[in-house]
Amino acid sequence: MKKRVNNVSRPAMGGSVKWLCAALCLAAGFGLSACSDDDEGDGGGAGGGVAAQQMPLVADAGIQFPVTQYSEYSLSDMTTYTYSGGRMTGRMSNNASSFAVTSNPLVVKEWFADEEDDFTTYSDVRLNKKGFIVSAKCVYLGGSGSANWIYDDNGYLVAESGTAAGTEDGESYSWNWSSTYTWSDGNLMRLETTYVEDGEAETDVTTYTYGRADWNNPGVAFSMEQGYCGNFFGDFGDDSYMFSAGLMGYLPKNIPTQIVTKFDDGYLDENTISEVEYNPDGSIQYIVMNGYYYRYGYADYPIAQEDTYSAAPSVKGGQVAKSLKRARRMMRR
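Quick summary incoming for the structure in this document. Not measured: the values here are computed from a predicted model.

1. Some words on the pairing of strand S15 (residues 200–209)
So, step 1. Sheet topology note: the strand S14 (residues 187–197)/S15 ladder contains 8 bridges and is antiparallel. Bridge assignment links Thr193 to a residue of S15, and that residue is Asp204.
So, step 2. Where S15 and strand S16 (residues 258–262) come together, 5 bridges link them in antiparallel fashion. Bridge pairing links Tyr208 to Ile259 in S16.

2. Some words on the nonpolar core
So, step 1. Ranked by internal contacts, the top residues of the largest apolar core, which has 62 residues, are Phe222, Ile287 and Tyr296.
So, step 2. With sequence-adjacent residues up to four places away left out, Phe222 is seen in contact with Ile255, Pro256, Ile259, Ile273, Ile287, Met289, Tyr294 and Tyr296.

3. A look at the pattern of salt bridges
So, step 1. Per the stated rule, a full pass over the model turns up 4 salt bridges.
So, step 2. The closest approach of N and O atoms between Lys137 and Asp124, which form a salt bridge, is 3.9 Å. Of this pair, Lys137 sits in strand S10 (residues 133–140) while Asp124 sits in strand S9 (residues 115–127), and the two are 13 residues apart along the sequence.
So, step 3. A salt bridge links Lys253 to Asp185; its shortest N-O distance comes to 3.0 Å. Of this pair, Lys253 sits in the loop between helix H2 (241–244) and S16 while Asp185 sits in the loop between strand S13 (171–184) and S14, placing them 68 residues apart in sequence.

4. Focus on the packing of aromatic side chains
Two measures describe an aromatic ring pair: the distance that separates the ring centres and the angle between the ring planes.
So, step 1. One pass over the structure, following the stated rule, counts 13 aromatic pairs.
So, step 2. On the basis of an interplanar angle of 75° and a centroid distance of 6.4 Å, the ring pair of Phe65 and Tyr298 is categorised as edge-to-face. On the criterion of sequence distance, the pair formed by Phe65 in the loop between strand S3 (50–51) and strand S4 (69–71) and Tyr298 in the loop between strand S19 (292–297) and helix H3 (313–331) is long-range, its members being 233 residues apart. By the burial criterion, Phe65 is buried, and Tyr298 matches it.

5. Some details on the side chain of Ser179
So, step 1. Relative to the helices and strands, Ser179 is located in strand S13.
So, step 2. Among the polar contacts listed, one links the side chain of Ser179 to the side chain of Thr193, at a separation of 2.7 Å.
So, step 3. Dropping the residues within four chain positions of it, Ser179 is found in contact with Val158, Ala159, Glu160, Leu191, Glu192 and Thr193.

6. Points about the pairing of S13
So, step 1. Pairing between strand S12 (residues 157–168) and S13: 10 bridges, direction antiparallel. Among the inter-strand pairings, Gly162 is bridged to a residue of S13, identified as Trp177.
So, step 2. With 10 bridges joining them, S13 and S14 adopt antiparallel strand pairing. Paired with Trp175 across the bridge in S14 is Glu197.
So, step 3. Here S13 folds back onto S14 in antiparallel fashion, the turn holding 2 residues, of which Asp185 has a positive phi close to 50°.

What counts and what doesn't
Residues numbered from 1 in each chain as written. Predicted model: local features only at pLDDT ≥ 70, side-chain atom pairs only at ≥ 80, totals over all residues. Heavy atoms only, no water. Pairing = 2+ DSSP bridges. Helix = DSSP H or I, 4+ residues; strand = E, 2+ residues; numbered from the N terminus. Core = buried A, V, L, I, M, F, W, Y, C linked by side-chain atoms within 4.5 Å. Buried < 20%, exposed > 50% of the residue type's maximum accessible area, 1.4 Å probe, protein only. Contact = heavy atoms within 4.5 Å. Salt bridge = Lys/Arg side-chain N within 4 Å of Asp/Glu carboxyl O. Phe/Tyr/Trp six-rings, centres within 6.5 Å; stacked < 30°, edge-to-face > 60°. Polar contact = N/O pair within 3.5 Å; in protein donor to acceptor, adjacent residues only side chain to side chain.

Pasting the structure below:
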């Protein structure tokens, strides 16, 4: 069950900064619409950055192996990613949202498999000098919204905020959210998100534990999948695609061994990662969380055609409970 707000993808899972100069922008492969005297910044904040003309190079975000396939339950649930010139250009999925990218300027159009006529369009995307998103706007059926993202000097997402408003069934609504990300030695340690609607606030907190120094992360957004990670770009699970696109800062350098989310209503979702398997080139083949397989495919190592998918009953139950909790929250929005 996907988390959505009046047909907005509540992307799970970054304020604003400007480029140094036109030459740097062009060298990085981005078209330049404006440059000003404060292009030295690299953190964030509303109102800055330069207009994005195309997706960033995934390699500029430290992603060594761009994921071309993702699967959980079976091959019938396969999600595929497309790239051109080292940039993500789209995604097709039958169990999550799909999207297509157009350039000059950069626009992302997203839709769900069951509602292909109901699009969410992300535009007015602005980037900092590293090529990370610092602000964007979205328009969807019955409403619109905007968001800002902030990074630290090392290129890690540390804060985001956003608002949305519109009408549904003849009634108007508005809500906002803010998130804070805490990092240590290149790993995400804590994510706290607060939603506010009609004066009522809800806060959820996700914590991450890293117990295996040898579980290095060469480029999958796995640990971002359990948090919120941006309510406009990238939803829960595999929908953290804007991290995978290199658009929302650097990924954690390691795969966590435990991810725990405490929801505002007291529900506690605990996840233990027991295994990480790598391909010969060092890319991640699969990750096992509570007996549940997350599989990744690449140009050189596509997902094997085998029936080895599994999920422990307790994991499925926990995921269902978590999804229902999120759905109840979103029905109130």
